[in-house]
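Fold and geometry: a report
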Amino acid sequence: MQTLLHIDASARKTTNSVPNYNSISKSVAATFIDQWKEINPEDKIIQRDVGVNPPDFISQDWIAAVFTPDEAKTDEQKELLSLSDTLIDELDQADIIVMSSSMYNYGMPAALKAWFDQVIRIHKTFTFDLARGDFPLEPIMSGKTLVLITSSGEFGFEIGGIREKMNHLGPHVRTVSHYLGVETFHEIKAEYQEFNDDRHRQSVASAHKTAAELASKMANA
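A short tour of the structure in this document, coming up. (Residues numbered from 1 in each chain as written. Predicted model: local features only at pLDDT ≥ 70, side-chain atom pairs only at ≥ 80, totals over all residues. Heavy atoms only, no water.)

Here's the deal with the overall build of the protein chain
Secondary structure summary: the protein chain contains seven helices and seven strands in total. Going from the N terminus to the C terminus, the protein chain shows its helices and strands as β-α-β-α-α-α-β-α-β-β-β-α-β-α. Compactness check: the protein chain gives a C-alpha radius of gyration of 18 Å against a globular reference of 17 Å for 221 residues, within 12% of the reference. Counting only C-alpha atoms and orienting by the principal axes, one finds that the protein chain spans roughly 60 × 40 × 40 Å. Counting every position in the protein chain, which comprises 221 residues, the buried fraction comes to 46%. Carbon together with sulfur atoms contributes 50% to the accessible area of the protein chain, which is approximately 11,800 Å² in total. (Helix = DSSP H or I, 4+ residues; strand = E, 2+ residues; numbered from the N terminus. Rg over C-alpha atoms; globule rule 2.2 N^0.38 Å. Buried < 20%, exposed > 50% of the residue type's maximum accessible area, 1.4 Å probe, protein only. Areas by Shrake-Rupley, 256 points an atom, 1.4 Å probe, with all protein chains shown as cover.)

Put into structure tokens, the structure is as follows:
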């Protein structure tokens, strides 16, 4: 039995009365999750939609609480870190992270960045030791797989693509996911949304197909 942490980050929902307003990234992620549940219905799915319910941004007081030893934390500091503790517990349980995100201004939505800021936390998800030299940070968790599902209005963000250098979503997620214990990374993309042409429709259809196939492969592994 495995546990999946399903995180959606688009501000859009998938229940709008006008289908064109629905989130593409969330829809493709739902295809992955539905296919997984069809094969392994007993597996645990933890779902969190940070696009609809964004985590709090970290603050100076939050940072002070993080660096206060547990035995010295005040009740106010413990409360300030309670959301972070909950999010880290969800992450700790997960074998697989399924993360969907639209590309906003060539990067991740603020709500998803807030989630990362809440969970990448010293003594909880990473350790810091200057004895390691120029790379003092090491993740505490390990062995996790992340499936990133993205949607974008333009295209060509892949390695060698015409907008490779403008892609600050996938590479950013891949970099910081190391500190979540992620060792295997997959990315599924739906592109061309702003063009709304056959290329877009084909890209979305391909993303759904790839999501279903990857879910089947992973669920049967």
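Here the narrative resumes, following the displayed structure.
With respect to the pairing of strand S2 (residues 44-49)
Taken together, the six bridges between strand S1 (residues 3-8) and S2 define a ladder with parallel strand orientation. When the bridges of S2 are listed, His 6 appears paired with Gln 47. One crossover worth recording links S1 to the parallel S2 by way of helix H1 (residues 24-39), and it is right-handed. (Pairing = 2+ DSSP bridges. Right-handed = clockwise from strand over helix to strand, strands pointing away.)

Here's the deal with the packing of aromatic side chains
Counted by the stated rule, this structure contains seven aromatic pairs. Look at Phe 32 and Trp 36: their rings are 6.1 Å apart centre to centre, the planes differ by 20°, and that puts the pair in the stacked class. In this pair, Phe 32 and Trp 36 both sit in helix H1, four residues apart, roughly one turn of the helix. For Phe 32, a relative accessible area of 0% corresponds to the buried category. Seen in terms of ring centroids, Phe 126 and Tyr 179 are 6.4 Å apart; in terms of plane orientation they differ by 70°. Their pairing is edge-to-face. (Phe/Tyr/Trp six-rings, centres within 6.5 Å; stacked < 30°, edge-to-face > 60°.)

Looking at the pairing of strand S3 (residues 96-102)
Counting buried positions over the seven residues of S3 gives seven, a clear majority of the element. Side chains of S3 alternate between two faces, with Ile 96, Val 98, Ser 100 and Ser 102 and Ile 97, Met 99 and Ser 101 buried alike. Where S1 lies against S3, five bridges are found, and the strand directions are parallel. Looking at S3, one finds that Leu 5 is bridged to Ile 97.

Focus: H1
Compared with an ideal rise of 1.5 Å per residue, which puts 16 residues at 22 Å, H1 spans 23 Å between its outermost C-alpha atoms and is within 8% of the ideal. Of the residues making up H1, those classed as buried are Ile 24, Ser 25, Lys 26, Val 28, Ala 29, Phe 32, Ile 33 and Trp 36. (Expected span 1.5 Å × (residues − 1).)

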